[in-house]
Amino acid sequence: MQQKNDFSKGSIPLTITRLAIPMILAMLVNALYSVIDRIYIGHLEGIGQSALTGIGLCYPITMSVAAFSYLIGNGGGPLTSILRGSKNQEQAEKVLGNSITLLVLLGILVPVLCLIVKKPVLYLFGASDVTYPYANSYITIYLLGSLSVMLTLGMNPFLTAQGFSRTGMMTVMIGAVCNIILDPVFIFLFHMDVAGAALATVISQTISAIWVIAFLLGKKNLIPVRKKNLRLERKTVARITGLGVSTFIMNITEAAISAVFNSSLARFGGDIYVTVMTVASSVSQLVFMPMNGFSQGAQPVTGFNYGAGEYARVKKCFWFLFGCCACYAVLAWAVLMVFPAQLIRIFNSDPELIRVAVPMFRVFFCMNFIFCMQIAPQNTFVAMGEAKKATFFALYRKVILLIPLILILPRVGFGITGVFAAEPVADTISAVTCFTTFMLTAYRKLGKKPEGRLS
């Protein structure tokens, strides 16, 4: 098994594809947790649109919970790939043990804090007296069961880091299938509406958490979980969080952006535009998740070869990743531009919603084809251990560019259209800057001889 998962040998495209396809399927299925909830809720008779808006208002909070999971998982996972590549098994085991402890601690502290502040936060995020009851019902149940969510999201990258991408795919496949089955049971059969959707999600994620923990404690796991490594060590925690902070910032700022979007939309357009953004974000999750999945699948191969000093293979990893992301991004963009109404009807068939949403969709997604120029370099930065650069570009796109644009454009004559236009403007500037910086810094460094392995 160790030889099979030696990423310094064999075809780069075949190795990345072998890891990426299960990862893409896993991430798509994982996205179905929230998307399926929204599809069912959006078609509830009489309350569909308000309930859908309520769930959309919860997105910044659920994304914040996920962000802390990714802080540990997407820091510890790539770090173990680098350590395995440099033949440092002892440190890899310590990273896994410390990551488990961190996820349990955060899985208790983060939900408690969110439960305390949920009411003022939901109103700050754009809730109205009509939509707040639906948002409150959903988020309360979700937070009470979010320890399972954090363990599932945070532990799964350690499976992929070892080459067990199919097992990682099964982690989310099992939970997603359960969610798809339980959603209609709780929502329609038991008449629990929004609360039923949240309960189905929590139960499904608990089943997924049991699966991934059982694997990590089993004999197939290449990085054993040892009791002594569960004790937190400052240096190890710093390395995990240092590498994971870029992904954390990407997700926590995604939560902040969602909150700013919703509050601006509620102010300049009302609840219907919050619903439009809820649908747009759901479509974006599904349509662009394959690029994220492919990038995550490429990280272990890139990180292993970088740790092993195989710089030529790291270059091949990058160009293969970039080419695949570019081809997919253009195809996805074309679908979004041509078929927006059909995509919107998946979530809600109200004619007024479709009339309002179609032009906003075309504005919101008009430059998404360029996102490949950010996602490939940024994930390669992470795989190479370049935490500072990856962190900067996570902040640059969302905090430095997007949030100010959301706040400024509607106030300088663009109105509600300006809120949606902020996304393509920020994407274009950030993608070009990220790609250029990568080529001038990290990629240029790969032309030099290895300077020693990370240990």
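Up top you'll find the structure we're talking about.
Okay, so let's go over this structure. One numbering rule holds for all chains: residues counted from 1, following each sequence as written. Reporting of local features is limited, given that this is a predicted model, to residues whose pLDDT is at least 70; pairs of side-chain atoms are given and counted only at 80 or more, and all residues count toward the totals for whole chains, interfaces and linings. Each side-chain value is derived from all of the structure's non-hydrogen atoms; neither hydrogens nor water enter the calculation.

1. Digging into empty space enclosed by the protein
Put simply, the test is: Here the term cavity refers to a set of points on a 1 Å grid, laid over the protein atoms alone, in which a 1.4 Å probe fits but cannot get out; the term pocket refers to an open set having protein on both sides within 12 Å along at least five of seven lines, with lining residues being those that place an atom within 4 Å of a point. Grid points are joined across faces, edges and corners, and a volume is the space filled by probe spheres set on the points. A run of H or I in DSSP becomes a helix once it reaches four residues, and a run of E becomes a strand once it reaches two; helices and strands are each numbered from the N terminus.
One pass over the full model with this rule turns up 2 cavities of 30 Å³ or more. There is about 90 Å³ of room inside the second largest cavity. Lining the second largest cavity, in full, are M23, N74, G77, P78, S81, P157, T160, A161, Q296, Q299 and P300. Looking at the lining of the second largest cavity, the elements that each hand over two or more residues are helix 2 (48–85), helix 5 (146–161) and helix 9 (271–307).

2. Details of the nonpolar core
We apply this condition: As used in this record, nonpolar core signifies buried Ala, Val, Leu, Ile, Met, Phe, Trp, Tyr and Cys residues forming a set joined through side-chain atoms within 4.5 Å. In this scheme, a residue with accessible area under 20% of its type's maximum is buried, one over 50% is exposed, and one in between is partly exposed, where area comes from a 1.4 Å probe on protein chains only.
Formed by 141 residues in total, the largest nonpolar core has its most connected members in V283, F365 and F420. In terms of residue count, the dominant contributor to this core is helix 9 (16 residues).

3. Details of helix 12 (residues 351–364)
Condition: In this analysis, the expected span of each helix is defined as 1.5 Å times one less than the number of residues it contains. Fitting axes to the seven residues ending at a residue and to the seven starting there, one defines the bend at that residue as the angle between these axes. Whether two residues are in contact is decided by their heavy atoms: any pair within 4.5 Å suffices.
Compared with an ideal rise of 1.5 Å per residue, which puts 14 residues at 20 Å, helix 12 spans 20 Å between its outermost C-alpha atoms and is within 8% of the ideal. Considering bend angle alone, the principal kink of helix 12 is centred on A357 and spans about 30 degrees; proline P359 follows within four residues of it. Along helix 12, the positions that sit buried rather than exposed are L353, I354, V356, A357, V358, M360, F361 and F364. At its buried positions, helix 12 is contacted by helix 2, helix 8 (234–268), helix 9, helix 10 (311–338), helix 11 (340–345) and helix 15 (415–440).

4. A few points about helix 9
For helix 9, spanning 37 residues, the distance from its first C-alpha to its last is 50 Å, which sits close to the expected 54 Å at 1.5 Å a residue. Counting buried residues in helix 9 gives 32 out of 37 residues, a clear majority hidden from the surface.

5. Looking at the side chain of S430
The condition that has to hold: By the criterion applied in these results, polar contacts are pairs of N or O atoms within 3.5 Å in which, for protein atoms, one can donate a hydrogen and the other can accept it, and in which residues neighboring in sequence qualify only through two side-chain atoms.
Position of S430 relative to the elements: it lies in helix 15. The exposure class assigned to S430 is buried, which follows from its relative accessible area of 0%. Side-chain polar atoms of S430 contact the side chain of Q374, separated by 2.4 Å.

6. Overview of the packing of helix 9 against helix 13 (residues 372–383)
Worth spelling out the cut-off: Between N-to-C directions, angles span 0 to 180 degrees; the directions come from axes that are lines fitted to C-alpha atoms, helices contributing only their stretch in contact. Just so you know how the angles are binned, under 35 degrees is roughly parallel, over 145 roughly antiparallel, 65 to 115 roughly perpendicular, and the rest oblique. In this scheme the handedness of a crossing depends on how the near helix is turned from the far one: anticlockwise by less than a right angle means left-handed, clockwise means right-handed. All amino acids are sorted into three groups, where Ala, Val, Leu, Ile, Met, Phe, Trp, Tyr, Cys and Pro are nonpolar, Asp, Glu, Lys and Arg are charged, and the leftover types, Gly among them, are polar.
Remark: helix 9 packs on helix 13, axes separated minimally by 9 Å, with the N-to-C direction vectors making an angle of 30 degrees. Classed by the angle they form, the pair helix 9 and helix 13 counts as roughly parallel. Taken as a pair, helix 9 and helix 13 cross one another with a handedness that is right-handed. Counting all contacts with helix 9, which are made through M291, N292, S295, Q296, Q299, T302 and G303, the residues of helix 13 involved are C372, I375, N379, T380, V382 and A383. Residues of the contact of helix 9 with helix 13, tallied by class, amount to 5 nonpolar, 8 polar and no charged.

7. Digging into the packing of helix 9 against helix 12
Interaxial distance between helix 9 and helix 12 falls to 10 Å at its minimum, and their mutual angle equals 55 degrees. Regarding the angle of helix 9 to helix 12, the classification is oblique. Crossing hand, helix 9 versus helix 12: right-handed. Here helix 9 contributes I272, Y273, T275, V276, M277, V279, A280 and V283 to the contact with helix 12, which in turn contributes E352, L353, V356, A357, M360, F361 and F364. Across the contact of helix 9 with helix 12, the residue classes tally to 13 nonpolar, 1 polar and 1 charged.

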